[in-house]
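Understanding the architecture of this molecule
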Amino acid sequence: MIKMIYNTFFQRSLTSVRDLTRQDFELLFDVTDKLIQHNSNYNICSGKTLGCIFFEPSTRTRLSFESAMSYIGGNTLATSNILSSTQKGESLADTIKIISLYSDVLVLRHPLDGSSKFASEISTKPIINAGSGTEEHPTQTIQDLYTINKETKKIDGLKIAIVGDLKYGRTVYSLLYGLSSYDVTVYLISPEALRIRSDSIYDIKKKLQLTESTELNDYIHDLDVIYVTRIQKERFQDKEEYFKVRGSYVIDNSVIKKLKKNSIILHPLPRLDEIPNNIDTSKHAKYFKQAEYGKYTRAALLGLILTKNGFEHK
Ligand code: CP
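Notes on the structure in this doc start here. (Residues numbered from 1 in each chain as written. Predicted model: local features only at pLDDT ≥ 70, side-chain atom pairs only at ≥ 80, totals over all residues. Heavy atoms only, no water.)

**Thoughts on the site of the ligand**
Close to the ligand lie S58, T59, R60, T61, R109, H137, Q140, P268 and L269, which account for all nearby residues. One of the backbone nitrogen or oxygen atoms of P268 is found 2.8 Å away from a nitrogen atom of the ligand. Taken together, the residues that form the shell around the ligand break down as two nonpolar, five polar and two charged. Taken domain by domain, the shell around the ligand gets at least three of its residues from each of domain 1 (17-136 + 292-313) and domain 2 (138-290). (Near = heavy atom within 4 Å. Polar contact = N/O pair within 3.5 Å; in protein donor to acceptor, adjacent residues only side chain to side chain. Nonpolar A, V, L, I, M, F, W, Y, C, P; charged D, E, K, R; others polar. Domains from an automatic or database assignment.)

**Some details on the sheet that holds strand β1 (residues 49-54)**
Backbone-to-backbone hydrogen bonds join strands into a sheet, with any given pair of strands oriented parallel or antiparallel. Within the open sheet, the four strands sit side by side as β2-β1-β3-β4. Their pairing is parallel. With partners counted over all chains shown, the strands left at the sheet margins are β2 (75-80) and β4 (127-132), one partner each. When strand polarity is set aside, the average angle formed by the axes of neighbouring strands in this sheet is 15°. Here five bridges tie β1 to strand β3 (residues 105-110), and the two strands are oriented parallel to one another. (Pairing = 2+ DSSP bridges. Helix = DSSP H or I, 4+ residues; strand = E, 2+ residues; numbered from the N terminus. Axes fitted to C-alpha atoms, helices over the stretch in contact; angles between N-to-C directions.)

**So, empty space enclosed by the protein**
Using the criterion set out here, one finds one cavity of 30 Å³ or more in the structure. Size it by volume and the largest cavity reaches roughly 100 Å³. Around the largest cavity, the lining is made up of 14 residues, and of these T229, I231, G247, D273 and E274 lie nearest the centre. When the residues that make up the lining of the largest cavity are grouped by side-chain class, the tally is six nonpolar, four polar and four charged. (1 Å grid on protein atoms, 1.4 Å probe; cavity = no way out; pocket = protein on both sides within 12 Å on 5 of 7 lines; lining within 4 Å. Points joined across faces, edges and corners; volume = space filled by probe spheres on them.)

**What about the environment of T307?**
With respect to the secondary-structure elements, T307 resides in the segment after α9 (287-306). Taking relative accessible area as the criterion, T307 reaches 11% and is therefore assigned buried. C-alpha of T307 to C-alpha of N7: the two residues are 300 residues apart in sequence and 9.0 Å apart in space. When near neighbours in sequence (up to four residues on either side) are disregarded, T307 contacts N7, F10, I44 and C45. (Buried < 20%, exposed > 50% of the residue type's maximum accessible area, 1.4 Å probe, protein only. Contact = heavy atoms within 4.5 Å.)

**What to know about helix α6 (residues 170-179)**
In an α-helix, one turn spans 3.6 residues, which is why side chains three or four residues apart end up on the same side. Extensive coverage of α6 is indicated by the burial of ten of its ten residues. Those residues of α6 that fall on the buried side of the exposure criterion are R170, T171, V172, Y173, S174, L175, L176, Y177, G178 and L179.

Structure (structure tokens):
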């Protein structure tokens, strides 16, 4: 049985990792562990419906949410910008209002910063942010932190490099907000043109030991976690600028040889050329495991939002 602390997620929206405490993460990790261990006893969301609204492409987030909802006994309805009446000019506000009539919880991915916060203010049902512009991707962070904790047995004390597109990568910001609940050292490795947006991390700079650099090689021998990100071509206004930074960091065999014995490589995926396929069989490569954990961390989140005590008696 899960040792339950107060369920702070019940009927609550999740639009930003800034709203999560260390205790919230620990509750999610605990429930996720139980879901993975007892894989058929959690039919706690029977009769509940998840509404998925994806206005940007997705493979992992959307399908892991659907899979997660099914895993805890619920069902899903889904729409996108292509399939919905937004094609006829219907507003996002009306789309959210209508889908909240048919669902118990909504998941929204949208190209605009602030879209999930906006949706949470008009929806009658909880909203989960599945990616809002370049701003945040909170459920990715839950699975990232769960993976780090699971694969390295701790988070406190780790040396973590976040590598690649730190300017446009929304997973980066949510991850930094999440890591600010822990005692970690973070190296922000990017090309000059893709440095972290300083104003977006202003309030967590005091909580995290942060070092910015363009040189992964200077730190690689000492890292516990290398969190690699894709350079986000679709967010560049000028595609020439993209081609200047494409391929800046490639985690190939020459990099792998420099890693500490137990260090892990993560990536929110999708990847392009930043991690070649031949690295997938390396003992350090944990990014597919990370994607798999996403199903269970999302099932934990959905179950906690939809049921006050659903996991307590299992
Ligand atoms: N990591 C992630 O958000 O992947 P998708 O874009 O495929 O959902």
